[in-house]
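# Inside the fold
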Amino acid sequence: MKFHFIRRKLPPRSLPLLLLPAVIFLSLNDAGLAGRAENVETGPTGYVNTFIGTAGPDAGATFPGATLPFGMVQWSPDTSNGFTRKNVGSYQYSDDMIRDFSLTHLSGPGCPVLGDIPIQPFVGEIKTPPAVDPAIYSAKFSHLNEQASPGYYAVRFDDGIRVELAATLRGGMGRFEFPASGNSTLIFDLGRNATEVFSARVEIEAPNEISGSVSSGAFCHSTNRYKIYFTAEFNRPFSSYGAWSGPDLNRGQHTVEGGHTGGWVSFDTIRNREVEMRIAVSYVSVTNAEKNLAVELPGWNFETVRQAAHDRWDRELQRISVSGGDENDKRVFYSALYRSLLHPNTFNDENGEYKGFDNKIHVASGFTLYANYSGWDIYRSDVQLLAMLEPKVASDMVKSLVVDGEQGGALPVWPVANDEACQMVGSPACPIIADAYTFGARGFDARTALAAMLRGATVPDLHCNRCLEWDALDTYLQYGYLGPDTRGRRQHSGPSQTLEYTTADFSIAQLARALGDSATYQEFMHRAQFWRNTFDTSTGYVGPRTKDGRFIPNDPSAYNYFVEGNAAQYSWMIPYDLRAVFDLMGGNAKVIARLDNFFTELNAGEAAPYFWVGNEPVFSVPWGYDFAGAPWRTQAIARRVETDLFTPQPDGEPGNDDLGAMAAWYVFAALGVYPVIPAVGGFAINSPLFPKATIRLGNGKTIEIVGENASPSTPYVQSLSLNGRPYQHTWISYDDWNGGATLKFTLGSAPDMDWGSRPEDAPPSFGEASH
């Protein structure tokens, strides 16, 4: 999900496509900023740089703060220019002022979101309410005095205040070191977050507790709503406290409620300069937040909490081990794996309770209820990775989506907390569910999930709360496509929406086939062929089409009829039937030439007819060469993207992280495989970046990927063996993978143009009712 772009031009090249030198980036360590990414962690956690992607628009929009895998809390700094416009994260690397440390964040969602319960340390008397001017309480800092690792964040302000944060699943512990002062304060500015606070409540309970709630929503200016509660305890009593409502400041006030409200608590730090705080949240009640706090933070040992967070992350990151190769490549790899494990987020409390899409309290019995799905993005990469490594998590993701649909009326498209945010197009829940199933997540009722998918795909005008699941479904079924003069919320993006719907149709068909429902399989494979109705054979591109069947003349680089892209980019977004697409384009030779031109630029944005790795619709296109009989070009392009556009720097992610979608793309590409076809178990092959990688599947089996001679400059496959036998194909099915496998690549600096080039070596394509 993108709204701006950075175009990174690469030197022009002539065929054959040989690997060019990577772009050279100035090292931030050389620039005197080394302190910010250093940590003392060991194991794979020690390679993670949580600052990657914090540089600004389309450089990830990530957050560097403390969280656990799939955690409810992401306790992270918000800088002075964070959340200021679309596509900007809460933390901007270029900023030198920290505004606060809020408890909830998402990794690069494309719009400001969450940022709830901002907390800021301050020395001095509170004279002006933050509601009047929050900048007064921002603190200047240097990146030299900043440190972070998975589950932990620390910074020292220029005024001497030191902040350390360590996360638990639903809370965290903060350690604040103040200068010697009789008035050291923590400000809870509850009336402000990333979007809009409709109401907030603060309750200060002397001698050492504060609690409250925030009602918010409005992700990407939508109508979604949620309410979050918190409770915090301190290791010492307050010396004073107060609250404000708008411009009115009231010292000694215990309780306040309204839209621009907050409170503060102060301490005497003349003799004892350290203040510790335990905090937890809940989306149900303050009482449940208190229960979460009691279970997850029973003591006051900060180092114990930090070590537990480190150990949890180390266990997660050890699911994939890479060895050999460049140390910076390892930093990029483990940082990407880290980001791919941040979302979705635990939403139920320790007692199982959660607030549902019907705004009622339910109990998640025997599973974890997850929230926050960037559906349009994650179905192309991250869901497959999670299902493969964490089948229990992926199964519970599907259970959560189905439950959300039961409570809200239809499967959600872009759920935030316990509501639908009505963002993007298509019905991404369908490929998410089918992806999870086909890549090993089987701990959910697949028939119930299929029934929910079918209901949305066959009953017009089903709403998930206020938002249509299949927008303009009746028109789509009547004409076999959507266009600028057909009904729909995003009718001016008809080709994009049509292709998303055909992907959903294909996903329904594949799950139905796996469950033995041949009638549904046949019906939806037929619907999946509706992509042909958007393909203008006179131009060789997908394009906008009116109800009377006419194609509207359209420049392939124009984005006026597409969602975050253009015809040159979207014409490849039929990965399940590329053979038919390539035939319509004129055959392999013409397709290869067209792809060569397409990859003139690697991150071109939505208004140029080239590759835009920073946005999801073209994620799979580098593997298009595998289908066209020129896999060596796939190997070259994937390596250029890996080494030129992903770096261990704050600008080292070439687009919004989109809740792990971009990160998972890199993880797969660096391993040498990619799940190119939604809802189909298997991978198209490029080549591994590392000499050795070990993948520990969630079913207990192991994948060994050996890259003999692997290096950034040796992307080309000379030979490949699967379990000791020569392997010529550019596709490996999940059946060959799921039981454990060894892939041994021999790589070189010059392409072998014969390997994988036969028609029978190509990945599969699925026409109508394919077998």
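Residues numbered from 1 in each chain as written. Predicted model: local features only at pLDDT ≥ 70, side-chain atom pairs only at ≥ 80, totals over all residues. Heavy atoms only, no water.

### A short note on the sheet that holds strand β37 (residues 731-733)
Inclusion rule: Pairing between strands is defined by DSSP: at least two bridges between the two strands are required. In DSSP terms, a helix is any run of H or I states spanning at least four residues, a strand is any run of E spanning at least two, and both are numbered starting from the N terminus.
With antiparallel pairing, the three strands of this open sheet are ordered in space as β31-β32-β37. Since the sheet does not close on itself, it has two edges, and those belong to β31 (673-674) and β37, each with one partner. Here three bridges tie strand β32 (residues 682-685) to β37, and the two strands are oriented antiparallel to one another. Looking at β37, one finds that glycine 682 is bridged to serine 733.

### Section: the pattern of salt bridges
Worth spelling out the cut-off: A pair is scored as a salt bridge if a Lys or Arg side-chain nitrogen falls within 4 Å of a carboxyl oxygen belonging to Asp or Glu. Throughout, exposure labels follow a simple rule: accessible area from a 1.4 Å probe, protein chains only, divided by the maximum for the residue type, with under 20% read as buried, over 50% as exposed, and the rest as partly exposed.
Across all of its chains, the model carries 31 salt bridges by this definition. Close ionic contact of glutamate 296 with arginine 170 constitutes a salt bridge, the shortest N to O distance being 2.9 Å. Of this pair, glutamate 296 sits in helix α1 (residues 286-296) while arginine 170 sits in the loop between β8 (162-167) and β9 (171-177), placing them 126 residues apart in sequence. Each member of the pair glutamate 296 and arginine 170 is classed as buried. A salt bridge links aspartate 583 to arginine 579, with the shortest nitrogen-to-oxygen separation between them at 3.2 Å. Of this pair, aspartate 583 and arginine 579 both sit in helix α13 (residues 578-584), four residues apart, roughly one helical turn. By relative accessible area, which is 49% here, aspartate 583 ends up partly exposed. Overall, arginine 579 belongs to the partly exposed group, its relative accessible area being 29%. One network of salt bridges, with partners in common, ties together Arg99, Asp100, Asp189 and Arg192.

### Structural notes on helix α6 (residues 391-408)
Selection criterion: Any helix carries an expected span of 1.5 Å times its number of residues minus one.
The terminal C-alpha atoms of α6, which comprises 18 residues, lie 25 Å apart, in line with the 26 Å expected from a rise of 1.5 Å per residue. Of all 18 residues in α6, 15 are buried, a share of seventy percent or more. In the segment just after α6, glycine 409 is the residue with positive phi, at about 110 degrees.

### Thoughts on the sheet that holds strand β34 (residues 702-708)
Spatial strand order, β19-β33-β34-β38-β35-β36: six strands in an open sheet with mixed pairing. The outermost strands of the open sheet, each flanked by one partner alone, are β19 (320-323) and β36 (725-726). In terms of strand pairing, strand β33 (residues 692-696) meets β34 through five bridges, oriented antiparallel. Across the sheet, residue lysine 692 finds its bridge partner in β34, namely valine 706.

### Observations concerning the state of the cysteines
This is how the line gets drawn: In what follows, a disulfide is any cysteine sulfur pair within 2.5 Å.
This structure, assessed with the given rule, holds two disulfides. Each sulfur in the disulfide pair cysteine 422 and cysteine 467 lies 1.4 Å from the other. Of the two residues, cysteine 422 sits in the loop between β25 (419-420) and α7 (429-438) while cysteine 467 sits in strand β27 (residues 467-468), which places them 45 residues apart along the sequence. The buried category is assigned to cysteine 422, whose relative accessible area is 16%. In this structure cysteine 467 comes out as buried when scored by relative accessible area, which is 5%. Should the bonded cysteines of the protein chain be numbered as they appear in the sequence, the pairing reads 1-2, 3-4. Just so you know, cysteine 430 is unpaired, no disulfide at all, and the nearest cysteine sulfur is the one on cysteine 464, 13 Å from it. Cysteine cysteine 464 remains unbridged, with the sulfur of cysteine 467 as its closest cysteine sulfur at 7.1 Å.

### Quick notes on the pairing of β34
Every regular strand shows the same layout, with side chains that alternate between the two sheet faces. With burial as the criterion, only one face of β34 is covered, namely that bearing Ile703, Ile705 and Gly707; the residues Thr702, Glu704, Val706 and Glu708 on the opposite face remain uncovered. The hairpin formed by β33 and β34 contains five residues between the paired strands, and glycine 700 there has a positive phi angle of roughly 95 degrees. When β34 meets strand β38 (residues 741-748), the two strands line up parallel, connected through six bridges. Considered in β38, the bridge of glutamate 704 is made with threonine 742.

### Looking at unusual backbone geometry
At the junction of histidine 343 and proline 344, the peptide bond is cis and its omega measures out at 0 degrees in the coordinates. Note that proline 344 resides in the loop between α3 (327-340) and β20 (345-346). Phi is positive for alanine 472, which is not a glycine, with a value near 60 degrees. Mapped onto the fold, alanine 472 is located in the loop between β27 and α9 (473-479). With relative accessibility at 0%, the residue alanine 472 sits in the buried group. Notably, aspartate 658 is not glycine yet its phi reads approximately 50 degrees, a positive angle. Along the polypeptide, aspartate 658 turns up in the loop between α16 (631-645) and α17 (661-671). A residue is classified by how much of its surface remains accessible, and aspartate 658, at 0% relative accessible area, is buried.

### Some words on the nonpolar core
The criterion, for reference: We call a set of buried Ala, Val, Leu, Ile, Met, Phe, Trp, Tyr and Cys residues a nonpolar core when their side-chain atoms join them within 4.5 Å. Contacts were defined at the residue level, with two residues in contact if any of their heavy atoms lie within 4.5 Å.
Core analysis: the largest hydrophobic core is formed by 220 residues, its most contacted members being Phe188, Phe333 and Trp737. Among the elements that take part in this core, α17 stands out by supplying 11 residues, more than any other. Excluding residues that lie within four positions of it along the chain, tryptophan 737 makes contacts with Met388, Val673, Phe683, Ile695, Leu697, Ile703, Ile705, Ile732 and Leu743. Of all hydrophobic cores here, the second largest spans nine residues; its members include Tyr152, Ala154, Ala280 and Val305.

### Looking at the environment of isoleucine 270
Within the fold, isoleucine 270 resides in the loop between β17 (261-267) and β18 (274-282). Considering only alpha carbons, one finds isoleucine 270 and serine 538, 268 residues apart in sequence, at a separation of 79 Å. Among residues more than four places away in sequence, those in contact with isoleucine 270 are Ala180, Ser181 and Gly182.

### Considering empty space enclosed by the protein
We count it as follows: A pocket, in this scheme, is an open set of points on a 1 Å grid over the protein atoms alone with protein on both sides within 12 Å along at least 5 of 7 lines, while a cavity is a set where a 1.4 Å probe fits but cannot get out; residues line either one if an atom lies within 4 Å of a point. Grid points are joined across faces, edges and corners, and a volume is the space filled by probe spheres set on the points. Just so you know the grouping, Ala, Val, Leu, Ile, Met, Phe, Trp, Tyr, Cys and Pro go in nonpolar, Asp, Glu, Lys and Arg go in charged, and all remaining residues, Gly too, go in polar.
Counting across every chain of the model gives eight cavities of 30 Å³ or more. Every residue lining the largest cavity is counted, 13 residues in all, and those nearest its centre are Arg380, Pro575, Ser620, Val676 and Pro678. Residue composition of the lining of the largest cavity, grouped by class: nine nonpolar, two polar and two charged.

### A short note on the side chain of serine 107
Among the secondary structure elements, serine 107 is positioned in the loop between β4 (97-102) and β5 (119-123). Take serine 107: its relative accessible area is 0%, and that puts it in the buried class. Excluding anything up to four places from it in sequence, serine 107 contacts Ala61, Thr62, Phe63, Arg339, Leu342, His343, Asp657, Asp658 and Leu659.

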